Amino acid sequence: MSNKTYYITTPIYYPSGKLHIGNTYTTVFCDALRRYKDLRGYDTYYLTGMDEHGKKIETVAEEREMSPHDHVDEMAAETKALWDRLKISYDDFIRTTEKRHKTVVQKIFEKLLDQGDIYLGTYKGYYCMPCESFFTESQLGENNTCPDCGRETSQLEEESYFLKLSKYADRLLDFIEENPGFITPESRKNEVVSFLKQGLNDLSVSRTTFDWGIKVVSNPKHVVYVWIDALSNYLSALGYGTNDDALYQKYWHGDEVVHVVGKDILRFHAIYWPIMLMALDIPVNFKLHAHGFYMMKEGKMSKSKGGVIYPDTIINHYGLDELRYFLLRELPYGADGVFTPESFIERINFDLANDFGNLLNRTISMVNKYFEGTIEFDPNVTNDFDDSLESLIAETKDNYRESMETLKVSEAIRAVWKLISRTNKYIDETTPWILAKDENKKADLQNVMYHLVESLRHIGIMLTPILLDASHSLFNQLGIPESLQTWDSLQFGLLKETEVVKKPSPLFPRLDSDKEVDKLQSILRGEDKETQKPVDEDNLATIDDFNKLDMRIAKVVSAKYHPNADKLLVLQVDAGEAKPRQIVAGIAKHYSPESIEGKNVVVVVNLEPVKLRGEESNGMLLAGSNKKSLKLLTVEGLNPGDSVS
Ligand code: ME8
């Protein structure tokens, strides 16, 4: 039996500037939903990509003195690298300049032209370049400004093809009425309905004033309007209209199709897109979700204006889970949210460090202190508080599921945090430190510990789509087997026994609030010294200084924990010499001995030997690091002893 399918998409972003946390929000949001559906056992497919055509992109490329091709290639590579950094679990990244996309758009255009849904006419109107939108005079703001962004528009008259929106308007209205979940939140649906009720003008769908776009095959002086081009990505990426359309058949005609967009592009997705599908005789079986916007205190975020926060800044300084948590938790369903340094640091300190991280820490410390790290389930022992904790565990699963299914991710997270608070309260109620004083209460104490671990296991499972590293670390630290990390194992009492780690590693270190708020504020003002990292010009190394170092590739032959220091590993490495060389390295917090054995690392072998806590070290490993992580430099395809220069 095959699993239900789930196809989820983000908008394809314009490569008009560096992506900020607003664009990142949609992508992380879809990633969380996709991971949730994976957890539920769906057959999922996640599409994102880049919308590379149009006058605006042509202009940005010109400003950079680059060809549009080179510009979009660079931006696409940067964007993919960003998504990789954010561990976005996308399956495909479609670029509208790709041949596979262009062919489909040209086919769609010609088909609509042949069947009379597209016709040639003359366009008279006002054009807003930043918005890529045309307006009639009556739609304009004061002094002929763009009604959406308020900027100046320019007057145009040109030959254009038009899509007959008017022909489909009633059909679309009926469709929206008959499919209540088609557009969410409800307030957005209402916006669309009232817009439709005013009547639709036919849409201009081609341009002759610039080149950077997909040519209309039958009349190549026209390029296809960027929105018709862009919306088609949801089909072209699946191979629609080609010989290899298996993905299209499977996912578009499958069980669930979800387009997630910001409220700014609601109309395009709620009106033009379903009408295009109706005209193409393709089922309109997607659900559209339009979320609100993250704002800065000063107002809107813009790719080109600055004064915004970028995801890599947050990851460098604080970590990926911190970013994901904030983004997914802080934006209320259906409304806008504000990013402020204060709210960001508070969420880390209160929600992540105090409530969640501390609960795990205290639990592991107590299980070690009272039971030497091992506990088991004894259903015959109970206390007065077990029932209420157990029923909240069950309730949380239902609330979480319902919220995730209706795309209320922040509410799903809130439900999990209610359980976290309840579990913290359970510690206060059951007072394990008092039970521990009485030998006869051993079984009661174990029952309390068991409830804490079991509750945390449930919390960990529900957080797997949200906090990628922390949920993983929670399972490892509590010794939860993979079979009990699944959705189906969300049932109290399935964990029979476990052994937790000897020493807990904090999931989220508490931050110095004033200092970090100041730091974020100076980053926003563009004055952050730490991110600029100037080179010390007064202390330059000569080439001779550099050449003095004998750096080589070395293979880690064996590794063990240092007997007297928990931050150190003692390694034997083969650096191409007669016998292995011992190096002591401060990497035990980042690598276990097993995980580094066999790796080809880079070492400096001509350092003076030193003794570190009684063990001699004859060299140094090279690694990259920041406050949160450390990665050894490893090299494939070279042999021990090969030189590094
Ligand atoms: O509109 N808060 O691309 P785009 C939350 N190419 N989300 C935000 C945001 C904010 N402050 N700012 C942007 C386009 N977004 C078209 C789409 S789709 C067929 C073509 C997100 O680069 C949000 O998802 O301007 C919004 O819809 C999208 O970025 C706009 O991205």
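Reading guide: rules and limits
- Residues numbered from 1 in each chain as written.
- Predicted model: local features only at pLDDT ≥ 70, side-chain atom pairs only at ≥ 80, totals over all residues.
- Heavy atoms only, no water.
- Salt bridge = Lys/Arg side-chain N within 4 Å of Asp/Glu carboxyl O.
- Helix = DSSP H or I, 4+ residues; strand = E, 2+ residues; numbered from the N terminus.
- Buried < 20%, exposed > 50% of the residue type's maximum accessible area, 1.4 Å probe, protein only.
- Core = buried A, V, L, I, M, F, W, Y, C linked by side-chain atoms within 4.5 Å.
- Domains from an automatic or database assignment.
- Contact = heavy atoms within 4.5 Å.
- Pairing = 2+ DSSP bridges.
- Axes fitted to C-alpha atoms, helices over the stretch in contact; angles between N-to-C directions.
- Parallel < 35°, antiparallel > 145°, perpendicular 65-115°, else oblique.
- Left-handed = near helix turned anticlockwise from the far one by under 90°.
- Nonpolar A, V, L, I, M, F, W, Y, C, P; charged D, E, K, R; others polar.

Novice: Pulling in residues and values, what's your account of the pattern of salt bridges?
Specialist: On inspection of all chains with the given rule, the structure shows 32 salt bridges. For Lys 167, the salt bridge goes to Asp 117, with nearest N and O atoms at 2.7 Å. Here Lys 167 is found in helix 5 (residues 165–178), whereas its partner Asp 117 is found in the loop between helix 4 (99–114) and strand 4 (118–128), with 50 residues between them in sequence. With a relative accessible area of 1%, Asp 117 lands in the buried category. Asp 398 serves as the salt-bridge partner of Arg 401, at 3.1 Å between the closest nitrogen and oxygen. Note that Arg 401 and Asp 398 are positioned in helix 14 (residues 386–405) at a spacing of 3 residues, about one turn of the helix. Overall, the relative accessible area of 28% leaves Arg 401 in the partly exposed class. The structure contains a network of salt bridges with shared partners spanning Lys 37, Arg 40, Glu 256 and Glu 405.

Novice: Please give an account of the nonpolar core that cites residues and values.
Specialist: Core analysis: the biggest nonpolar cluster contains 101 residues, and Phe 356, Trp 417, Met 449 and Leu 467 have the highest contact counts within it. Element by element, the count of residues in this core is highest for helix 13 (residues 341–371), at 13 residues. When residues of this core are assigned to domains, at least three map to each of domain 1 (5–291) and domain 2 (367–499). When near neighbours in sequence (up to four residues on either side) are disregarded, Phe 356 contacts Asp 351, Trp 417, Ile 420, Leu 456, Ile 459, Leu 463, Leu 467, Ala 470, Leu 474, Leu 507 and Phe 508. Residues Ile 265, Leu 266, Leu 277 and Val 284 belong to the second largest nonpolar core, which totals 70 residues.

Novice: Residues and numbers for the sheet that holds strand 6 (residues 154–163), please.
Specialist: Two orientations exist for strands paired in a sheet by backbone hydrogen bonds: parallel and antiparallel. Taken in spatial order, the 4 strands line up as 5-4-6-8 in an open sheet, and their pairing is antiparallel. The sheet is open, and its two edges are formed by strand 5 (133–135) and strand 8 (203–204), each paired on a single side.

Novice: Can you tell me about the packing of helix 4 against helix 10 (residues 266–280), naming the residues and giving the values?
Specialist: The interhelical angle for the contact between helix 4 and helix 10, taken along N-to-C directions, is 65°, at an axis separation of 10 Å. Between helix 4 and helix 10, the angle falls in the class roughly perpendicular. Considering the relative orientation of helix 4 and helix 10, their crossing is left-handed. Two secondary-structure elements touch here, helix 4 through Ile 108, Lys 111 and Leu 112 and helix 10 through Met 276, Ala 279 and Leu 280. Of the residues that constitute the contact of helix 4 with helix 10, the class distribution is 5 nonpolar, no polar and 1 charged.

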